[in-house]
Amino acid sequence: MEWTGARYADKPTVEVRTWIDAPPARVWALVSDIALMPARSEELQSVAWLDGADGPAVGARFVGHSKHEAFGEWSTTSHVIECEPERVFAWAVQDPADPSAIWRFRLRPENGGTELSEWMQLGPGRSGLSVAIERMPEKEQKIVFVRLREFEQSIATTLEHIKRQAEV
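Cut-off values and rules
Along each chain, residue indices are assigned from 1 in the same order as the chain's sequence is written. Under the rules for a predicted model, residues below a pLDDT of 70 receive no local features and side-chain atom pairs below 80 are neither given nor counted, while totals for whole chains, interfaces and linings still include all residues. Hydrogens and water are ignored here; the side-chain numbers use all heavy atoms of the structure. Angles here are taken between N-to-C directions and fall from 0 to 180 degrees, while the axes themselves are lines fitted to C-alpha atoms, restricted in helices to the stretch in contact. A run of H or I in DSSP becomes a helix once it reaches four residues, and a run of E becomes a strand once it reaches two; helices and strands are each numbered from the N terminus. By the definition adopted for this analysis, an angle is roughly parallel if under 35 degrees, roughly antiparallel if over 145, roughly perpendicular if from 65 to 115, and oblique otherwise. Left-handed describes a crossing in which the near helix is turned anticlockwise from the far one by less than a right angle; the clockwise case is right-handed. Contacts were defined at the residue level, with two residues in contact if any of their heavy atoms lie within 4.5 Å. Three classes are used: nonpolar for Ala, Val, Leu, Ile, Met, Phe, Trp, Tyr, Cys and Pro, charged for Asp, Glu, Lys and Arg, and polar for all others, with Gly counted as polar. Each residue is assigned to one of three classes by its accessible area relative to the maximum for its type, calculated with a 1.4 Å probe on protein chains only: buried under 20%, partly exposed between the two thresholds, exposed over 50%. The arc in question is the one traced by the directions running from the helix axis out to the C-beta atoms. Identification of polar contacts relies on pairs of N or O atoms within 3.5 Å, with a donor-acceptor requirement for protein atoms, meaning one able to donate a hydrogen and the other able to accept it, and with residues adjacent in sequence counted only if both atoms are side-chain atoms.

Caption draft 1: Looking closely at the packing of helix H2 (residues 128-135) against helix H3 (residues 140-166). Look at H2 against H3: their axes get within 9 Å of each other, and the N-to-C directions meet at 150°. The angle between the axes of H2 and H3 places the two elements in the roughly antiparallel class. For the pair H2 and H3, the crossing hand works out as right-handed. Between H2 and H3, the contacting residues are Leu 129, Ala 132 and Ile 133 on the first element and Glu 140, Ile 143, Val 144 and Arg 147 on the second. Across the contact of H2 with H3, the residue classes break down as 5 nonpolar, no polar and 2 charged.

Caption draft 2: Region of the structure containing H2. Leu 129, Ser 130, Ala 132 and Ile 133 are the residues of H2 that are buried. Taken end-on, H2 shows its buried residues confined to a sector of 160°, consistent with a single buried face. Away from its buried face by more than 90 degrees, H2 exposes Glu 134 and Arg 135. The secondary structure elements touched by the buried residues of H2 are strand E7 (113-122) and H3. The N-cap of H2, judged by a side-chain oxygen 3.1 Å from the amide nitrogen of Leu 129 a few residues on, is Ser 127.

Set out below in structure tokens:
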């Protein structure tokens, strides 16, 4: 990731792509199963559907419990904002009208397999990062850059896990 000088209010994003030697249906089954998410992440500890939901659908909600060395432990509620089987699965963290983050998987058939991308956007809603920025406003750009770089690494690891599982 190259330095961009982005600030939190810029709603900075990061995206990583990979090609998987498996059909979109197989990749979708792995991407859309939130119970598999914690095993792919050092930060996300557990997740569970809320309100009786048992799978992704626009409007469904799930809670995630996370842990980070610098930020401690926290929980967030995510709202599914896009869900097209074998194409896209996206959720907004906390308030869907003013999310602290948006996450999105996109799947596309390619060369007999699937191109999978994972994208995320910081902000514009408040998050733990907002607190760090308020404490050290002169370091906002560096704080944002470091967090985006962490997300980029985490996304690459997640995609590698999905690739390995799908190609079995």
